[in-house]
Amino acid sequence: MLMDSLNADGVPIHVNGAARVTHPAPAGMRGYLERALAQGRDRVLWHQQFSSWWMQSVPAAFLRWLKHTATVTVEAVRHHRRYQLALWEVPAALAVSWLYYSVFLVGEILTHVAPDYAKKSFHV
């Protein structure tokens, strides 16, 4: 909506694929799930604009899910002290992470299957 408003006012938009932003922690379970869905949608839209046809595909989404869950698993197990986690807390942290990336994957797939629904429904 901001982009549309700026375009209407004649403000040039420059896309920087390397730009990063952080958001505050989501408010509750609903916010957590909505953010994961929205980020999944955003990932598809980003790849549609800046990547190859392969990175835009559903199989690539599954590979991203595998990469994300493997990365958080290795990080949590190897570096749990760095993240101030007791070893017995690691399974809970992994469950939270795996759920997030699984819902992220659902957001990606829904964006492929029902792009209009995803656009209207997933907002951070």
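Basis of the calculations
- Residues numbered from 1 in each chain as written.
- Predicted model: local features only at pLDDT ≥ 70, side-chain atom pairs only at ≥ 80, totals over all residues.
- Heavy atoms only, no water.
- Helix = DSSP H or I, 4+ residues; strand = E, 2+ residues; numbered from the N terminus.
- Buried < 20%, exposed > 50% of the residue type's maximum accessible area, 1.4 Å probe, protein only.
- Contact = heavy atoms within 4.5 Å.
- Areas by Shrake-Rupley, 256 points an atom, 1.4 Å probe, with all protein chains shown as cover.
- Lys, Arg positive; Asp, Glu negative; His and termini not counted.
- Charge placed at Lys NZ, Arg CZ, Asp CG, Glu CD.
- Core = buried A, V, L, I, M, F, W, Y, C linked by side-chain atoms within 4.5 Å.
- Phe/Tyr/Trp six-rings, centres within 6.5 Å; stacked < 30°, edge-to-face > 60°.
- Expected span 1.5 Å × (residues − 1).

Undergrad: Can you explain the overall build of the protein? Please cite residues and give values.
TA: Across its full length, the protein carries five helices and zero strands. Going from N to C terminus, the protein has its helices and strands arranged as α-α-α-α-α. Split into buried and exposed, the 124 residues of the protein put 24% on the buried side. In the protein, the proportion of contacts linking residues at least 24 apart, taken out of those at least 6 apart, comes to 66%. For the protein, the exposed surface amounts to about 8,900 Å²; the carbon and sulfur share of it is 64%. Averaging the coordinates of the 12 positive side-chain charges in the protein and doing the same for the 8 negative ones gives two points 8 Å apart.

Undergrad: Lay out the nonpolar core with the relevant residues and their values.
TA: Within the largest apolar cluster, nine residues are counted, these being Tyr-32, Ala-36, Leu-37, Ala-38, Tyr-100, Val-103, Phe-104, Ala-118 and Phe-122. Per-element tally for this core: the top contributor is helix H2 (residues 28-50), with four residues. Those residues in contact with Val-103 that lie beyond four places of it in its chain are Leu-33, Ala-36 and Leu-37.

Undergrad: Explain the packing of aromatic side chains residue by residue, including any values.
TA: Applying the stated rule across the entire model yields six aromatic pairs. A centroid spacing of 5.1 Å and a plane angle of 40 degrees characterise the contact between Trp-46 and Phe-50, whose relative ring orientation is tilted. Here the residue Trp-46 and the residue Phe-50 both occupy positions in helix H2, the gap between them amounting to four residues, near one helical turn. Taken together, Tyr-32, Tyr-100, Tyr-101 and Phe-104 form an aromatic cluster joined through their ring pairs.

Undergrad: Run through helix H3 (residues 58-78), naming residues and quoting values.
TA: For H3, spanning 21 residues, the distance from its first C-alpha to its last is 30 Å, which sits close to the expected 30 Å at 1.5 Å a residue. What H3 keeps buried is the set Ala-60, Ala-61, Arg-64, His-68, Thr-69, Val-72 and Ala-76. For H3, the elements touching its buried residues are H2 and helix H4 (90-113).

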